[in-house]
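Letter by letter, the chains look like this.
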Amino acid sequence: MDHQGVTLQATLGQQSTNLYCAGGATLEGWDSCVKRGERYANGAVLATASGVSSPEECTTMCQLTNDCRAVTHSGTSCKLMTDESVTVADKSAVSLSLKCLQVR
């Protein structure tokens, strides 16, 4: 995926450091921001990536994207969103707001 001039490729079995964890965030802060079984239903979709193995990887992509405020990860799909104000039920989705992470 070409992402703002940088080619991103998800590879199963690889481990990476994301900006959230590198910044000294805690697991408790992460858990309090994750919305399991919900997806964001409004705002523009800035990018959609396939082959994304985790919500954490999806969140890192959002942190590197201008105007990204939220993510929804489902299976191996990642959507980078501009708005996190409305969610709808979706059993397969995990969503997260960057704004929530910033206040933790």
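What counts, and at which threshold
Residues numbered from 1 in each chain as written. Predicted model: local features only at pLDDT ≥ 70, side-chain atom pairs only at ≥ 80, totals over all residues. Heavy atoms only, no water. Helix = DSSP H or I, 4+ residues; strand = E, 2+ residues; numbered from the N terminus. Buried < 20%, exposed > 50% of the residue type's maximum accessible area, 1.4 Å probe, protein only. Contact = heavy atoms within 4.5 Å. Areas by Shrake-Rupley, 256 points an atom, 1.4 Å probe, with all protein chains shown as cover. Pairing = 2+ DSSP bridges. Axes fitted to C-alpha atoms, helices over the stretch in contact; angles between N-to-C directions. pLDDT = per-residue confidence, 0-100.

Caption draft 1: Quick peek at the overall build of the chain. Scanning the chain for helices and strands turns up four helices and seven strands. The order of α-helices and β-strands along the chain, N terminus first, is β-β-α-α-β-β-α-β-β-β-α. Evaluated residue by residue, the chain yields a buried proportion of 37% over its 104 residues. Look at the contacts in the chain between residues 6 or more apart in sequence, and 67% of them connect residues 24 or more apart. Counting every atom, the chain has about 6,100 Å² of accessible surface; 49% of that belongs to carbon and sulfur.

Caption draft 2: Up close: the sheet that holds strand β3 (residues 34-40). The strand order β3-β7-β5-β6-β4 describes an open sheet built from five strands, whose pairing is antiparallel. Each end of this open sheet is capped by a strand with a single partner; those strands are β3 and β4 (45-50). Across this sheet, the average inter-strand angle for adjacent strands is 35 degrees, counted without regard to direction. On top of the sheet, helix α3 (residues 55-63) reaches β4, β5 (70-74), β6 (77-81) and β7 (87-97); it is set at about 150 degrees to β5, its chief contact.

Caption draft 3: Broad picture of the confidence of the model for the chain. Scored by pLDDT, the chain has a mean of 80; 71% of the residues are at 70 or more. By mean pLDDT, strand β1 (residues 2-3) is the weakest element of the chain at 44, and β6 is the strongest at 96. Note that pLDDT drops below 50 for residues 1-7; the model gives that stretch 16 contacts with residues more than four away or on any other chain.

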